[in-house]
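What the coordinates show
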Amino acid sequence: MKTTSLKKVNIGEIVANDFRAAKIFKDAGIDFCCGGDHTLEEICAEKNIKTADIEQKIKHLENTVIDFSHDFKEWKLDILCDHIVNKHHKLVMDLLPQLVFYTQKIAFVHSTNHPELIRITELFAHINKELLQHLKNEEEILFPAIKAVLKNNDTASKAIIISEIKRMKGEHEFAGGAMDTINDLSKNYQVPDDGCSTFTVTYKMLEQFEDDLHIHVHIENNILYPKALLLANEK
């Protein structure tokens, strides 16, 4: 990856060009999915991080082997849709009911000493409700529309792509923002000294859920959606 002028490059574009940069941003606490339309310079100023430090770490990626299986930017749209369903939707559907149960359980037991758990439980219940519908709409409306345009340039499906993506990006903003709040409330999923084993399991699962959500939303916001919109606007 060329790193001579990354200051003005959007975070999402940097990760789209080299997925290995995702870990650098995660370790720095930088949102590369919902915040992917901000430049590196803007994000670093907001986080009080030296832009040069991040640029240097990205430059070091040039010396490591690229895993081309993660070069999502080069994947065909229908393959990318299937990957999202088979990997990310599957994980979300597996973790959602477990986390609804476990967040409620630790809130019931520990909220006297840790009142933030009540808010975490409320937020995750809302995430659960919104994501279930969001995933259903992607699988039954958006992704079939993308495949219909690829197959026969269907005009009605082009209109569906444009309207669905506009709404779905807003839903991503909600889910990402809610998980950011949960992260803050949990102090980056730090289990307190009086936390039980269920507390530990719940926080580990929340962190896993958030990490996957960042990648999931990044692939959609910064790769799938822009390419789908270009397809929908072709004459």
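Located above this text is the structure these notes cover.
So, here's what we can say about the structure. (Residues numbered from 1 in each chain as written. Predicted model: local features only at pLDDT ≥ 70, side-chain atom pairs only at ≥ 80, totals over all residues. Heavy atoms only, no water.)

**Structural notes on the pattern of salt bridges**
One pass over the full model with this rule turns up 6 salt bridges. One salt bridge connects Glu-122 with Arg-119, and the closest N-O pair in it is separated by 3.7 Å. One end of the pair is Glu-122 and the other is Arg-119, both in helix H6 (residues 116–152) and 3 residues apart, which spans about a single turn. Its relative accessible area of 45% is what places Glu-122 among the partly exposed residues. Note that Lys-136 and Glu-140 form a salt bridge whose closest N and O atoms lie 3.0 Å from each other. Residue Lys-136 and its partner Glu-140 are located together in helix H6, separated by 4 residues, close to a single helical turn. On the basis of relative accessible area, Glu-140 is assigned to the exposed category, the value being 53%. (Salt bridge = Lys/Arg side-chain N within 4 Å of Asp/Glu carboxyl O. Helix = DSSP H or I, 4+ residues; strand = E, 2+ residues; numbered from the N terminus. Buried < 20%, exposed > 50% of the residue type's maximum accessible area, 1.4 Å probe, protein only.)

**What about empty space enclosed by the protein?**
In this structure the tally under the stated criterion is 1 cavity of 30 Å³ or more. There is about 50 Å³ of room inside the largest cavity. Lining the largest cavity are Val-92, Leu-131, His-134, Leu-135, His-172, Leu-213, His-216, Val-217 and Glu-220. Broken down by secondary-structure element, the contributors of at least two residues to the lining of the largest cavity are H6 and helix H8 (197–232). (1 Å grid on protein atoms, 1.4 Å probe; cavity = no way out; pocket = protein on both sides within 12 Å on 5 of 7 lines; lining within 4 Å. Points joined across faces, edges and corners; volume = space filled by probe spheres on them.)

**Here's the deal with the packing of helix H7 (residues 155–185) against H8**
How two helices pack is summed up by the angle between their axes together with the distance between the axes. Packing of H7 against H8 brings their axes to within 10 Å, and their N-to-C directions diverge by 160°. Taken together, H7 and H8 sit at an angle that is classed as roughly antiparallel. The two elements H7 and H8 meet at a crossing, and its hand is left-handed. Across the contact of H7 with H8, the residue classes tally to 16 nonpolar, 5 polar and 5 charged. (Axes fitted to C-alpha atoms, helices over the stretch in contact; angles between N-to-C directions. Parallel < 35°, antiparallel > 145°, perpendicular 65-115°, else oblique. Left-handed = near helix turned anticlockwise from the far one by under 90°. Nonpolar A, V, L, I, M, F, W, Y, C, P; charged D, E, K, R; others polar.)

**Focus on helix H3 (residues 40–47)**
Taken as a whole, H3 has its buried residues at Leu-40, Ile-43 and Cys-44. Angular distribution of buried residues about the axis of H3 spans 95°; they occupy a single face of the element. Among the exposed residues of H3, those pointing more than 90 degrees away from its buried face are Ala-45 and Glu-46. Looking at the buried side of H3, the elements it contacts are helix H1 (11–17), helix H2 (21–27) and helix H4 (51–60). Just beyond H3, the residue with positive phi is Asn-48, at close to 60°. (Arc of directions from axis to C-beta. Contact = heavy atoms within 4.5 Å.)

**Points about the packing of aromatic side chains**
Here the structure, examined in full by the defined rule, presents 5 aromatic pairs. Considering the side-chain rings of Phe-101 and Tyr-102, the 5.3 Å spacing of their centres and the 70° angle between planes classify their relative orientation as edge-to-face. A relative accessible area of 47% places Phe-101 in the partly exposed class. Assessed through its relative accessible area of 23%, Tyr-102 is described here as partly exposed. Note on Tyr-189 and Tyr-203: the rings are 6.1 Å apart at their centroids and 80° apart in plane angle, and the pair reads as edge-to-face. With Tyr-189 in the loop between H7 and H8 and Tyr-203 in helix H8, this residue pair connects regions lying 14 residues apart in the sequence. Here Tyr-189 matches Tyr-203 in class, with each residue buried. (Phe/Tyr/Trp six-rings, centres within 6.5 Å; stacked < 30°, edge-to-face > 60°.)

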